[in-house]
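Listed below, chain by chain, are the residues.
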There are 2 protein chains.
Amino acid sequence: MDPDALAKAFVEHYYSTFDSNRAALANLYQEGSMLSFEGQKIQGSSNIVAKLTSLPFQQCHHSITTVDCQPSGATSAMLVFVSGNLQLAGEQHALNFSQMFHLMPTQQGSYYVLNDIFRLNYA
Amino acid sequence: MDPDALAKAFVEHYYSTFDSNRAALANLYQEGSMLSFEGQKIQGSSNIVAKLTSLPFQQCHHSITTVDCQPSGATSAMLVFVSGNLQLAGEQHALNFSQMFHLMPTQQGSYYVLNDIFRLNYA
């Protein structure tokens, strides 16, 4: 699978999981994983998922505008950079966001998220 | 120097160089460096600087809104994630952008940019 297709597949999987069952994102992080969420730094799969599941909205829908990817130097690792918007249930306007993921290969031939940085983009 | 301070110092240096003398950015890239600029992939310091110096504006000013950083796994390497806006000379409205850099240590105790992904954020 070429890296761009892999990045797109990851992004679709990540946000569809986020929008349907946030707790299931735990499988995509490990203990060394880091999330920077609007400037707050969180480490470890369980802490990251605790943060994501505690966000003050129940239903949301991510729409992806762009996906860029590059090899990050480490074997098979990839940087994935996403822009898009986030529609919260009951809100009139969608929120623009940018997010980056550093994906590392697992021994099972899959990927996990080592680095995750999320920011809303205010106009 | 702590990573957050280092990331901020890099970001200030990068954009002040971009805004005053784009050609001098060549020193921050190496032959293995990659730039994704609005979806276009470019590799190598000279090609990257050729792209940046050929952008269809002469004067610009970057204003930084947020800087996030995380260690990327490789020794002393850092991921830096920036949001901000870009004012072009003669244009009424600034353009929002997001950009990420993967900084790798050099043998001289400095850093170079291995990965650079830039996107304008359209509202």
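Below is a summary of the structure that appears in this document. Since the model is a prediction, treat every value here as computed from it, not as a measurement.

What follows concerns the interface of chain B and chain A. The partner chain A presents 29 residues to the 29 residues of chain B that form the contact. Interface area for chain B against chain A, summed over the two sides, is near 2,400 Å², with a carbon-plus-sulfur share of 57%. Broken down residue by residue, the surface that chain B buries against chain A is led by Gln70(B), Phe81(B) and Arg119(B), which jointly contribute 26%. In this structure, the connection of chain B to chain A is made through four salt bridges.

Count 3.6 residues to each turn of an α-helix, and residues three or four apart come out pointing the same way. Residue and element names in this part refer to chain A. For helix 1 (residues 3-20), with 18 residues, the first-to-last C-alpha span of 26 Å sits near the 26 Å given by 1.5 Å per residue. Regarding helix 1, the residues found buried are Ala7, Phe10, Val11, Tyr14, Tyr15, Thr17 and Phe18. Down the axis of helix 1, the buried set is contained in an arc of 155 degrees. They therefore lie on one face. Residues of helix 1 that are exposed and point over 90 degrees away from its buried face: Glu12 and Ser20. Residues of helix 1 that are buried sit in contact with strand 1 (29-37), helix 2 (45-53), strand 3 (60-71), strand 4 (78-88), strand 5 (95-105) and strand 6 (111-120).

All right, on to the pairing of strand 1 (residues 29-37) of chain B then. Residue and element names in this part refer to chain B. In terms of strand pairing, strand 1 meets strand 6 (residues 111-120) through five bridges, oriented parallel. Among the inter-strand pairings, methionine 34 is bridged to a residue of strand 6, identified as asparagine 115. In this structure, strand 1 lies alongside strand 2 (residues 40-43), joined through four bridges in antiparallel fashion. When the bridges of strand 2 are listed, methionine 34 appears paired with glutamine 43. The antiparallel pairing of strand 1 with strand 2 creates a hairpin that spans two residues between the two strands, and glutamate 38 there sits at a positive phi of about 50 degrees.

Another point: the sheet that holds strand 4 of chain A. Residues and elements named next belong to chain A. The strand order across the open sheet built from six strands is 2-1-6-5-4-3, with neighbouring strands paired in mixed fashion. In the strand order of this sheet, the two ends are held by strand 2 (40-43) and strand 3, each with one partner. Averaged over all pairs of adjacent strands, the angle between strand axes in this sheet comes to 15 degrees, irrespective of strand direction. Each of strand 1, strand 3, strand 4, strand 5 and strand 6 is contacted by helix 1, which is oriented at about 155 degrees to strand 3, the strand it contacts most. Set on the sheet, helix 2 makes contact with strand 1 and strand 2; between it and strand 1 the angle comes to about 40 degrees.

This part takes up the environment of Leu55(A). Along the chain, Leu55(A) turns up in the loop between helix 2 and strand 3. Beyond its immediate stretch of four places on either side in the chain, Leu55(A) contacts Phe18(A), Arg22(A) and Phe37(A).

Residue and element names in this part refer to chain B. Tracing the chain through its elements places lysine 51 in helix 2 (residues 45-53). Here the alpha-carbon distance between lysine 51 and tyrosine 14, two residues 37 residues apart in the chain, equals 16 Å. Apart from residues no more than four positions distant in its own chain, lysine 51 is found in contact with Leu35, Phe37, Gln40 and Ile42.

Once turned by 180 degrees and shifted 0.0 Å along the axis, chain B lies on chain A with an RMSD of 0.0 Å. As the rotation angle and translation indicate, the two copies are arranged about a two-fold axis. Of all interface residues in chain B, 100% are interface residues in chain A too; the two copies therefore contact each other through one and the same surface.

A complete count under the given rule lists four salt bridges over all chains for this structure. The partner of Lys41(A) in a salt bridge is Asp4(B), and the shortest N-O contact between them spans 3.3 Å. With Lys41(A) in strand 2 and Asp4(B) in helix 1 (residues 3-20), the pair connects residues from two separate chains. One salt bridge connects Arg119(A) with Asp68(B), and the closest N-O pair in it is separated by 2.7 Å. Of this pair, Arg119(A) sits in strand 6 while Asp68(B) sits in strand 3 (residues 60-71), each in a different chain. Judged by its relative accessible area of 12%, Arg119(A) falls in the buried class.

Rules used in this analysis
Residues numbered from 1 in each chain as written. Chains lettered and ligands numbered in written order. Predicted model: local features only at pLDDT ≥ 70, side-chain atom pairs only at ≥ 80, totals over all residues. Heavy atoms only, no water. Contact = heavy atoms within 4.5 Å. Buried area = accessible area lost by both parts, 1.4 Å probe. Salt bridge = Lys/Arg side-chain N within 4 Å of Asp/Glu carboxyl O. Helix = DSSP H or I, 4+ residues; strand = E, 2+ residues; numbered from the N terminus. Expected span 1.5 Å × (residues − 1). Buried < 20%, exposed > 50% of the residue type's maximum accessible area, 1.4 Å probe, protein only. Arc of directions from axis to C-beta. Pairing = 2+ DSSP bridges. Axes fitted to C-alpha atoms, helices over the stretch in contact; angles between N-to-C directions. Least-squares fit on C-alpha atoms with pLDDT ≥ 70 in both.

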